[in-house]
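An overview of the molecular structure
The lines below spell out each chain.
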Amino acid sequence: FHCEGGDRKKLPYKDAEFDLVVACEVLAHVIADEIEGTVAELARITKGGGHLAIVTAAPFGDGAEHNFNYDYKALLEKDFEIEYDEKPCPYRHILCKRKVQ
């Protein structure tokens, strides 16, 4: 989705529309100030009992302008149960299940 002037736009989907949402090598490109809202938007479109799968790439050198070290686990635990969180080099894989509201 697109950010303009710091205002995050909602994804064009209904609340709880998907059983599975995948963010593959996306969150590392979101600026730190917008990660919490981005994850909240992914949670919004994930059904209760549905899954969110995240893959992030590991840092690839000095001066990389990517956000690799964000505490995704702490953020995700608000809305999800973490089922899998591994860091096989050079990626991190997270699979979590949306809590039923």
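Residues numbered from 1 in each chain as written. Predicted model: local features only at pLDDT ≥ 70, side-chain atom pairs only at ≥ 80, totals over all residues. Heavy atoms only, no water.

A few words now on the overall build of the protein chain. The number of helices and strands found in the protein chain is 2 helices and 6 strands. Secondary structure elements in the protein chain, listed N-terminal to C-terminal, are β-β-β-α-β-α-β-β. Across the 101 residues in the protein chain, those meeting the buried criterion constitute 34%. Partitioning the contacts of the protein chain with sequence separation of at least 6, the portion at a separation of at least 24 is 66%. Working note: accessible area of the protein chain is about 6400 Å², and carbon and sulfur atoms make up 50% of it. (Helix = DSSP H or I, 4+ residues; strand = E, 2+ residues; numbered from the N terminus. Buried < 20%, exposed > 50% of the residue type's maximum accessible area, 1.4 Å probe, protein only. Contact = heavy atoms within 4.5 Å. Areas by Shrake-Rupley, 256 points an atom, 1.4 Å probe, with all protein chains shown as cover.)

With 7 bridges connecting them, strand β4 (residues 46-57) and strand β6 (residues 91-98) associate as antiparallel partners. Pairing of Thr56 across the sheet is with Arg92, part of β6. Across 6 bridges, the pairing between strand β5 (residues 80-86) and β6 is antiparallel. In the sheet register, Tyr84 faces β6, and the bridge partner there is Leu95. Hairpin connection from β5 to β6: 4 residues lie between these consecutive antiparallel strands. (Pairing = 2+ DSSP bridges.)

Looking now at unusual backbone geometry. Unlike most non-glycine residues, Ala16 shows phi in positive territory, near 55°. Mapped onto the secondary structure, Ala16 falls in the loop between β2 (7-8) and β3 (18-24). Of note, Glu25 is a non-glycine position whose phi angle comes to about 55°, a positive value. Take Glu25: it is sitting in the loop between β3 and α1 (32-45). Residue classification places Glu25 among the partly exposed positions, given a relative accessible area of 35%.

Attention now moves to the sheet that holds β3. An order of β3-β4-β6-β5 is seen for the 4 strands of this open sheet, with the pairing classed as mixed. A single partner strand is all that each edge strand has here, and the edge strands are β3 and β5. Taking the axes of each pair of neighbouring strands and ignoring which way they run, one obtains an average angle of 15° across the sheet. Helix-sheet contacts for α1 involve β3, β4, β5 and β6, and the interaxial angle to β4 is about 140°. (Axes fitted to C-alpha atoms, helices over the stretch in contact; angles between N-to-C directions.)

Position of Leu27 among the secondary structure elements: in the loop between β3 and α1. In this structure Leu27 comes out as buried when scored by relative accessible area, which is 0%. In this structure, the C-alpha to C-alpha distance between Leu27 and Val55, residues 28 residues apart in sequence, is 8.3 Å.

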